[in-house]
Amino acid sequence: MSTIHPITQHNYLQYLNEKKLMGSKCKDCGNVDLPARAICSKCLSINTAWEDMTNEEGTLSTFSCVHVGTTRFVKRGYNMKNPYAFGVVTLDNGAAITGLLVGVDARNPESINIGSKFKVNFVETELDEEGTMKQVDVGFSPV
Amino acid sequence: MGKLAREVSVIGAGISKFGAINDKLLPDLWVEAYLDAVDHVDNGIEAKDIDGGLYLGNFTADLFNGQGHLGPMMAGLVGLTPKGATRFEGACASSGLAFRHAVIAIASGLYDVACVGGIEKMTSLPTAGVTEALAAASDAIYEARVGATFPGLYANIASAHFKKHGTTKEDLFRVAIKNHENGSLNEKAQMPYSISEIMNKKMSKIKKRGGEVPDWKDEFEFLNSRSNPVIAYPLRLFDCSLITDGAAVVFLAASDVARKFTDTPIKIAGTGQGSANISLHDRDGMYTSFIAAKTAAKEAYAMADMEPDDIQVAEVHDCFTIAELVAMEDLGFAEPGKAAELVEQGETRITGSIPINTDGGLKSKGHPVGATGTGQVVEIFKQLRGIAKDRQVGGGPEIGLTHNLGGSGGTCVVNVFQRE
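Residues numbered from 1 in each chain as written. Chains lettered and ligands numbered in written order. Predicted model: local features only at pLDDT ≥ 70, side-chain atom pairs only at ≥ 80, totals over all residues. Heavy atoms only, no water.

> Sorry, what's going on with the interface of chain A and chain B here?
Interface size is commonly expressed as the accessible area that is lost once the parts come together. Facing 39 residues of chain A, the contacting portion of chain B comprises 29 residues. A buried area of about 2700 Å², summed over both sides, lies between chain A and chain B, and 56% of it is on carbon and sulfur atoms. Of all residues in chain A, Phe86(A), Thr98(A) and Ile114(A) give up the largest surface area on contact with chain B, accounting jointly for 17% of the area buried on that side. Where chain A meets chain B, there are three salt bridges. Residues Asp137(A) and Arg145(B) are paired through a salt bridge, measuring 2.6 Å at the closest nitrogen-oxygen approach. For the interface between chain A and chain B, the tally reads 17 residue pairs in polar contact (both at pLDDT 80 or more). Looking at the side of chain A that touches chain B, the elements that each hand over two or more residues are helix H1 (9-17), strand S4 (57-66), helix H2 (71-75), strand S5 (84-91), strand S6 (96-101) and strand S9 (134-137) of chain A. Residue contributions to the side of chain A that touches chain B peak at six residues, all from S4(A). For the side of chain A that touches chain B, the per-class residue count stands at 21 nonpolar, 13 polar and five charged. Sheet topology note: the S4(A)/strand S5 (residues 230-233) of chain B ladder contains two bridges and is antiparallel. (Contact = heavy atoms within 4.5 Å. Buried area = accessible area lost by both parts, 1.4 Å probe. Salt bridge = Lys/Arg side-chain N within 4 Å of Asp/Glu carboxyl O. Polar contact = N/O pair within 3.5 Å; in protein donor to acceptor, adjacent residues only side chain to side chain. Helix = DSSP H or I, 4+ residues; strand = E, 2+ residues; numbered from the N terminus. Nonpolar A, V, L, I, M, F, W, Y, C, P; charged D, E, K, R; others polar. Pairing = 2+ DSSP bridges.)

Here's what the structure looks like:
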């Protein structure tokens, strides 16, 4: 997306599908929000602008390794013996978001440490067999 | 400010059998609970007495049963039409919301008597479908899309609690053991067995099949075994509440008319409600405590002019074992990180200083999500009236509390009750 777009969840997802993690920054109080918000979550100002957080690093705030997953994840081959991990990563700029944890050993949760460094690593899923419909989700991998 | 304009009391309460009720549809569960509640109004109650109509909690019959527009549907089955009939939705706090808003309507002076219900029939879908429907109570885009399930979200809370406070899986086991012990005394519970009973049954089954019988010495070894598989690390099967069909009904009346129905009304001394962003990541780094619960508790305690120490019996929202510990801390029964100690000391058992979930809680009694908030009120009504049979808290408790949480903490309703 090249032109200026209003801060909406719709446009946040459009950016996400282009592998851009777009939050917002309040021009009045400096607070950052992720996903982007039209109204600042701290001072409620509407004077907010997109902030590209794609290259931010952060730390793992909390996580789980899921053995009984949602239908979509079960279809992707995850099960009791093959869990996936998701958690909350707090970026160094203070914004936090839930994402899949990739490049971690979800079968060995003791190896995943709260407080360790992670960086954005998008997860791309094909929504149809031909691979024409793709969905990009927020993911993180260890630094 | 901060007070009800007139006093409101519970004059009767009833509950259906909880479980996988294959021979009853959603309306049948509702009628069963309604008739049980009518039986618990000392001097009787008829539909014509209920000028305020129906306040009904239900999370998602739309997804579970393909049925919406439940208010008038259920009202019509018990003769409450053409009076107002409204459905409330706040995920697992749906009937907590219905209850609170009926209280407010009566307190406003608009009505004298109202019926509150909570209903959910979950077992008509396979487990995967239930997981999917429940996931609609999380943020569909920002949580469910990246694999968040409800056990997964509460597992995130548990991981953070373990890290911050040193809580252990054994601390969680103790909550499950206590709640199953209580549930074994409740004939309406879905799994009315203690964990040691469940363990022994499992051992005899293995023995009968001719398999190698595990040498579990106690419940902890059983709960630590492969027979208690990890659902979402660090939470295991016995950390999770059940998938349940059930209904609960409560009748409310303005305190000045309550004595027409009973000599022992149970007054709502305080009621509070709170909310939070529904995504865990959107709570300013607060993962081990729920701001919605703290807000609701503060409002309810202030209205009742009471403190946590005044509460003699409580029903808290143990959708997962970790949630019971967090609830105890949010309600002020324990300092942050100290709830597990109270559980270990036995203080939350029926014989302890602050009995919690005497009916078995969501863990053993079951968790028909939209019925849970009203179901909690039914148990406190029984405890304060002294009719809780084998699980009756001793000493004639006069003050009780309910704590009903929606989703992963986006909605919370807390009520304080007092026998008059």
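Here the narrative resumes, following the displayed structure.
> Before we go on, may I ask you to explain the domain arrangement of chain A in this structure?
Residues and elements named next belong to chain A. The domain boundaries assigned to chain A delineate domain 1 (9-52) and domain 2 (57-142). Each of domain 1 and domain 2 has a C-alpha centre, and the two are 22 Å apart. Of the residues lining the interface, nine residues belong to domain 1; the matching set on domain 2 comes to 14 residues. Each partner contributes to the roughly 940 Å² buried at the junction of domain 1 and domain 2, and carbon and sulfur atoms together form 71% of this total. Three residues, Lys19, Leu21 and Leu34, lead the burial of domain 1 against domain 2; their summed loss comes to 51% of the area buried on that side. We note a salt bridge from Glu124 to Lys19, for which the minimum N-O separation is 2.9 Å. Linking domain 1 to domain 2 there are two residue pairs in polar contact (both at pLDDT 80 or more). Counting residues per element, the side of domain 1 that touches domain 2 draws most heavily on H1, which supplies three residues. Of the residues belonging to the side of domain 1 that touches domain 2, the class tally is six nonpolar, one polar and two charged. (Domains from an automatic or database assignment.)

> I tried to follow the sheet that holds strand S3 (residues 85-88) of chain B on my own but got confused; where do I start?
Strand pairing in a sheet takes place through backbone hydrogen bonds and is either antiparallel or parallel in direction. Residues and elements named next belong to chain B. The strand order across the open sheet formed by nine strands is S3-S2-S4-S7-S1-S8-S11-S10-S9, and the pairing between neighbours is mixed. Among the strands making up the open sheet, the edge pair consists of S3 and strand S9 (313-315). In this sheet, neighbouring strand axes are inclined to one another by 25° on average, regardless of whether the strands run parallel or antiparallel. Bridge count for strand S10 (residues 399-406) against strand S11 (residues 411-419) is eight bridges, and the pairing is antiparallel. In the strand pairing of S11, Ile399 is matched with Gln418. Along the sheet, helix H4 (residues 94-107) makes contact with strand S1 (8-15), strand S2 (54-57), S3, strand S4 (113-121), strand S7 (245-254), strand S8 (266-275), S10 and S11, crossing S4 at roughly 170°. (Axes fitted to C-alpha atoms, helices over the stretch in contact; angles between N-to-C directions.)

> Is there a simple way to explain a nonpolar patch on the surface in this structure?
All names here are of chain A. Together, Ile39, Leu44 and Ile46 line one region of the surface with nonpolar side chains, adding up to about 350 Å² of accessible area. Structurally, Leu44 is set in the loop between strand S2 (32-33) and strand S3 (48-52). Residue Leu44 is classed as exposed on the basis of its relative accessible area of 60%. (Patch = residues over 30% accessible without salt bridge, like charges linked within 9 Å, V, L, I, M, F, W, Y side chains within 5 Å. Areas by Shrake-Rupley, 256 points an atom, 1.4 Å probe, with all protein chains shown as cover. Buried < 20%, exposed > 50% of the residue type's maximum accessible area, 1.4 Å probe, protein only.)

> It is not clear to me how the packing of aromatic side chains should be interpreted in this structure. Could you clarify?
The description of two aromatic rings rests on the distance between their centres and on the angle between their planes. Across all of its chains, the model carries 16 aromatic pairs over all chains by this definition. Ring plane angle 40° and centroid distance 6.0 Å describe the contact between Phe73(A) and Tyr78(A), whose orientation is recorded as tilted. Overall, Phe73(A) belongs to the buried group, its relative accessible area being 0%. Taken together, the ring pairs connect Phe150(B), Tyr154(B), Phe290(B) and Phe320(B) into an aromatic cluster. Over the face of the ring belonging to Phe73(A) we find Arg76(A), whose NZ or CZ atom lies 4.4 Å from the ring centre. Over the aromatic face of Tyr193(B) sits the side chain of Lys201(B), whose NZ or CZ is 3.5 Å from the ring centroid. (Phe/Tyr/Trp six-rings, centres within 6.5 Å; stacked < 30°, edge-to-face > 60°. Lys NZ or Arg CZ within 6 Å of the ring centre and 35° of its normal.)

> It is not clear to me how the pattern of salt bridges should be interpreted in this structure. Could you clarify?
Opposite charge on two side chains permits them to pair, given that their charged atoms come into close proximity. Tallying each qualifying case throughout the model produces 27 salt bridges over all chains. A salt bridge links Asp256(B) to Arg6(B), with the nearest nitrogen and oxygen atoms 3.8 Å apart. Placement of the pair is Asp256(B) in helix H10 (residues 255-258) and Arg6(B) in the segment before S1, with a sequence separation of 250 residues. The class of Asp256(B) is exposed, set by a relative accessible area of 63%. For Arg259(B), the salt bridge goes to Glu420(B), with nearest N and O atoms at 4.0 Å. Remark: Glu420(B) occurs in the segment after S11 and Arg259(B) occurs in the loop between H10 and S8; sequence separation between them is 161 residues. Overall, Arg259(B) belongs to the partly exposed group, its relative accessible area being 46%. Sharing partners across several salt bridges, the network here consists of Lys19(A), Glu124(A) and Lys134(A).

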